[in-house]
Amino acid sequence: MRLVSYNLHFGGKRGAGNSWQQLIREFTPDIVFAQESLSPDQYFSPKEFSQFKGCIWLPVPERKWGSAILSKSYHLERESLPGYEGWVVGARVPDLVIGGIPQSVLMFSIHAPSPGPYEPAVDRILSELAKKWDKTPMIIAGDFNLTTAIRHPTEELKNSVGEIELQERLRKEFRLFNAWQVLYPNQNLPQTLRWAKNRIAQYHCDAIFVSDSHLVHLASANVESAGIWGEMSDHSPIVVTFE
């Protein structure tokens, strides 16, 4: 089972070898959580797109792009989050196989609305998710526009108090953990955003958060920034696999 989260940046590369085609070809994901994407069917021929079993996409109001969840392997049952259309899209997969066991999983592709402030915006999104959550294992992924893990004291960038409180809320209330940091607890956070105003700073605002019940099956978590993935967008894909 492989998951990918990726912010394409204003719709990403179009035409032959576009962002979606490269993503599917290189990572062969079972499920993609996308942000700043046009409708995914615009990146494939009708024949290519017919191979996907599930697609949920909504545009951000007054913009051509929005968030999406796309799957070649699973049918997706739409889950809405009123007030955040296009910024957040959700789906329930009744038979997601993790660790060889089919199970119901609730998932959301999240893009924290801009402009900020982002901490209260993400907190409000979590409050809306709490109203819908029926304790089914959950996966949330996307671009949160804030640091999505706990930094070490030696790192140049520091967590805000609000970022730490959001991490605690995800862990305590939703039992969700940043997959990358679970596997690499002693490493400094890798860069997931090459911000136009400072492309060097190690901004880490993208993540895939997974349920505590899935951690035993977590096999890998990588930030892919080499080659084309350092050029096609200002964000890097997050790739998570389960056994």
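This one's a predicted model, so the numbers in the text were calculated from it and none came from an experiment.

*Asks:* How do you make sense of the sheet that holds strand E4 (residues 66-71) when you look at a structure like this?
*Replies:* Neighbouring strands of a sheet are bound in pairs by backbone hydrogen bonds; such pairs are parallel or else antiparallel. Ordered by their spatial adjacency, six strands build an open sheet running E3-E4-E2-E1-E14-E13, and the pairing between neighbours is mixed. Across the chains shown, the open sheet's two edge strands, defined by having one partner strand only, are strand E3 (54-59) and strand E13 (218-223). When the angles between neighbouring strand axes are averaged without regard to direction, this sheet yields 10 degrees. Of the strand pairs in this sheet, strand E2 (residues 31-37) and E4 are connected by five bridges, and their pairing is antiparallel. Residue pairing in the sheet places Ile31 in a bridge with Ser71 of E4.

*Asks:* How should I be thinking about the side chain of His204 in this particular structure?
*Replies:* Within the secondary structure, His204 is located in the loop between strand E11 (198-203) and strand E12 (206-211). Exposure remark for His204: the relative accessible area of 3% places this residue in the buried category. Here the side chain of His204 touches Pro190 through a polar contact of 2.7 Å, landing on its backbone oxygen.

*Asks:* Looking at this structure, how should I read the environment of Asp95?
*Replies:* Relative to the helices and strands, Asp95 resides in strand E6 (residues 88-98). Given a relative accessible area of 37%, Asp95 falls into the partly exposed group. Spatially, the C-alpha atoms of Asp95 and His75 are 8.8 Å apart, while their sequence positions differ by 20 residues. When sequence neighbours within four positions are dropped, the list of residues in contact with Asp95 reads Tyr74, Pro102 and Gln103.

*Asks:* Please explain the pairing of E12 as it appears in this structure.
*Replies:* If a strand is regular, its side chains alternate between the two faces of the sheet. In terms of burial, E12 is a largely internal element, six of the six residues being buried. In this sheet, E12 lies alongside strand E8 (residues 138-143) in antiparallel orientation, the contact comprising five bridges. Residue pairing in the sheet places Ile139 in a bridge with Val210 of E12. As judged from the three bridges shared by strand E9 (residues 176-178) and E12, these two strands associate in the antiparallel manner. Bridge pairing in E12 links Asn178 to Phe209.

*Asks:* Which parts of the structure should I look at to understand the sheet that holds strand E7 (residues 101-111)?
*Replies:* The strand order E5-E6-E7-E8-E12-E9 describes an open sheet built from six strands, whose pairing is mixed. The open sheet has two free edges, formed respectively by strand E5 (77-79) and E9, since each of these has just one partner strand. Taken over all neighbouring pairs, the strand axes of this sheet differ in orientation by 25 degrees on average, direction set aside. With nine bridges connecting them, E6 and E7 associate as antiparallel partners. Residue Ala91 lies in a different strand from E7, and its bridge partner there is Met107.

Calculation rules
Residues numbered from 1 in each chain as written. Predicted model: local features only at pLDDT ≥ 70, side-chain atom pairs only at ≥ 80, totals over all residues. Heavy atoms only, no water. Pairing = 2+ DSSP bridges. Helix = DSSP H or I, 4+ residues; strand = E, 2+ residues; numbered from the N terminus. Axes fitted to C-alpha atoms, helices over the stretch in contact; angles between N-to-C directions. Buried < 20%, exposed > 50% of the residue type's maximum accessible area, 1.4 Å probe, protein only. Polar contact = N/O pair within 3.5 Å; in protein donor to acceptor, adjacent residues only side chain to side chain. Contact = heavy atoms within 4.5 Å.

Any link to function would need more than the numbers given here.
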